[in-house]
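A closer look at the structure
Residue-level listing of the chains:
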Amino acid sequence: MNNETIVDRKVIIFQLNDEEYAVSVQQVGSIERIQPITRVPQTADFVKGVINLRGVVTPIIDLRIRFGLKETEFTESSRIIIVYLDEMEVGLIVDAANDVIDIPEDTIEPAPEVIGSVDVDYIDGVAKLDNRLLILLNLRKVLTKEEINELKSVEG
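The paragraphs below set out a description of the structure included in this document. What you see is a predicted model; the values in this text were computed from it and never measured. (Residues numbered from 1 in each chain as written. Predicted model: local features only at pLDDT ≥ 70, side-chain atom pairs only at ≥ 80, totals over all residues. Heavy atoms only, no water.)

1. Observations regarding the pattern of salt bridges
- Inspection of every chain in the model, using the stated rule, returns 11 salt bridges.
- Here Glu-32 makes a salt bridge to Arg-54, at a shortest N to O gap of 2.8 Å. Taken together, the residues span a long stretch of sequence, with Glu-32 in strand E3 (residues 28–33) and Arg-54 in the loop between strand E4 (47–53) and strand E5 (56–62) at a distance of 22 residues.
- Across the pair Asp-95 and Arg-64 runs a salt bridge whose closest N-O atoms are separated by 2.9 Å. Of this pair, Asp-95 sits in the loop between strand E7 (88–94) and strand E8 (96–104) while Arg-64 sits in helix H1 (residues 63–66); the two residues are 31 residues apart in sequence, bridging distant segments of the chain.
- If you follow the salt bridges from partner to partner, you end up with Arg-9, Glu-105 and Asp-124 in one network. (Salt bridge = Lys/Arg side-chain N within 4 Å of Asp/Glu carboxyl O. Helix = DSSP H or I, 4+ residues; strand = E, 2+ residues; numbered from the N terminus.)

2. Section: the packing of aromatic side chains
- Within the structure shown, the criterion is met by 3 aromatic pairs.
- Judged by centre distance (5.6 Å) and plane angle (15°), the rings of Phe-14 and Tyr-21 are stacked. When sorted by exposure, Phe-14 lands in the same class as Tyr-21, which is buried.
- Chaining the aromatic ring pairs together yields one cluster made of Phe-14, Tyr-21, Phe-67 and Tyr-122.
- Taking the ring centre of Phe-46 as reference, the NZ or CZ of Arg-66 above it sits at 4.6 Å. (Phe/Tyr/Trp six-rings, centres within 6.5 Å; stacked < 30°, edge-to-face > 60°. Buried < 20%, exposed > 50% of the residue type's maximum accessible area, 1.4 Å probe, protein only. Lys NZ or Arg CZ within 6 Å of the ring centre and 35° of its normal.)

3. Side note on the sheet that holds strand E10 (residues 123–129)
- On the basis of which strands lie adjacent, the open sheet formed by 6 strands has the order E8-E1-E2-E11-E10-E9 and mixed pairing. Here the strands that pair on one side only, and so sit at the sheet edges, are E8 and strand E9 (108–109).
- Inspection of the sheet shows strand E2 (residues 19–24) paired to strand E11 (residues 132–137) by 3 bridges, in the parallel sense. By the bridge assignment for E11, Tyr-21 is matched with Ile-135. (Pairing = 2+ DSSP bridges.)

4. Brief notes about the environment of Asp-62
- Position of Asp-62 among the secondary structure elements: in strand E5.
- Here Asp-62 falls in the buried class, since its relative accessible area comes to 2%.
- The spacing of Asp-62 and Gly-91 is 29 residues in sequence and 8.4 Å in space, taken between C-alpha atoms.
- What Asp-62 contacts, discounting residues up to four positions off in sequence, is Phe-46, Lys-48, Glu-71, Phe-74 and Ile-93. (Contact = heavy atoms within 4.5 Å.)

5. With respect to the side chain of Glu-147
- Assignment of secondary structure puts Glu-147 in helix H3 (residues 145–155).
- Looking at Glu-147, its side chain comes within polar contact range of the side chain of Arg-66, at 3.0 Å.
- Excluding anything up to four places from it in sequence, Glu-147 contacts Phe-46, Arg-66 and Val-142. (Polar contact = N/O pair within 3.5 Å; in protein donor to acceptor, adjacent residues only side chain to side chain.)

6. Some points on the nonpolar core
- Among the nonpolar cores identified, the biggest contains 29 residues, and Phe-14, Leu-63, Phe-67 and Leu-137 are the most heavily contacted of them.
- Elements that contribute at least two residues to this core include exactly strand E1 (8–16), E2, H1, strand E6 (79–85), E7, E11, helix H2 (139–142) and H3.
- Top element by residues in this core is E7. It accounts for 4 residues.
- Contacts of Phe-14, omitting those with residues within four sequence positions, involve Glu-19, Glu-20, Tyr-21, Ala-22, Val-23, Leu-63, Ile-81, Val-94, Ala-96, Ala-97, Asn-98 and Leu-137.
- Residues Ile-13, Ile-108, Leu-129 and Leu-136 belong to the second largest nonpolar core, which totals 10 residues. (Core = buried A, V, L, I, M, F, W, Y, C linked by side-chain atoms within 4.5 Å.)

Structure (structure tokens):
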């Protein structure tokens, strides 16, 4: 008999274009509706600006632009996912935040060489669940150290 326990990874699923992505719930602080964003001059094009979230100035990144996708208008389902990155909060604009699920570790495969238009460096792996293909993001690699330092200066 096998005493191995299959570990599940609890993730939040969100959408960009027609693809589903996942980030670990441990890295997520909250999911917010789109709110007014104050533009910050001389920042990277994917940095939309900052918001005041419950008294905390939080830099906001448009993941569509970061991943080289076409920018679109925000919709009723657009959300800002607040994540923790190197001891700071960063908001990620996504098309929709769908649900929280457990992904069994044994369904996660290493990232293939190319996935759509997303740089493979950002990807932790790919999970096949029923008829869904979930791209697991490595948030530490979505932004470079220099970009994180730039955001820290934006943060205040």
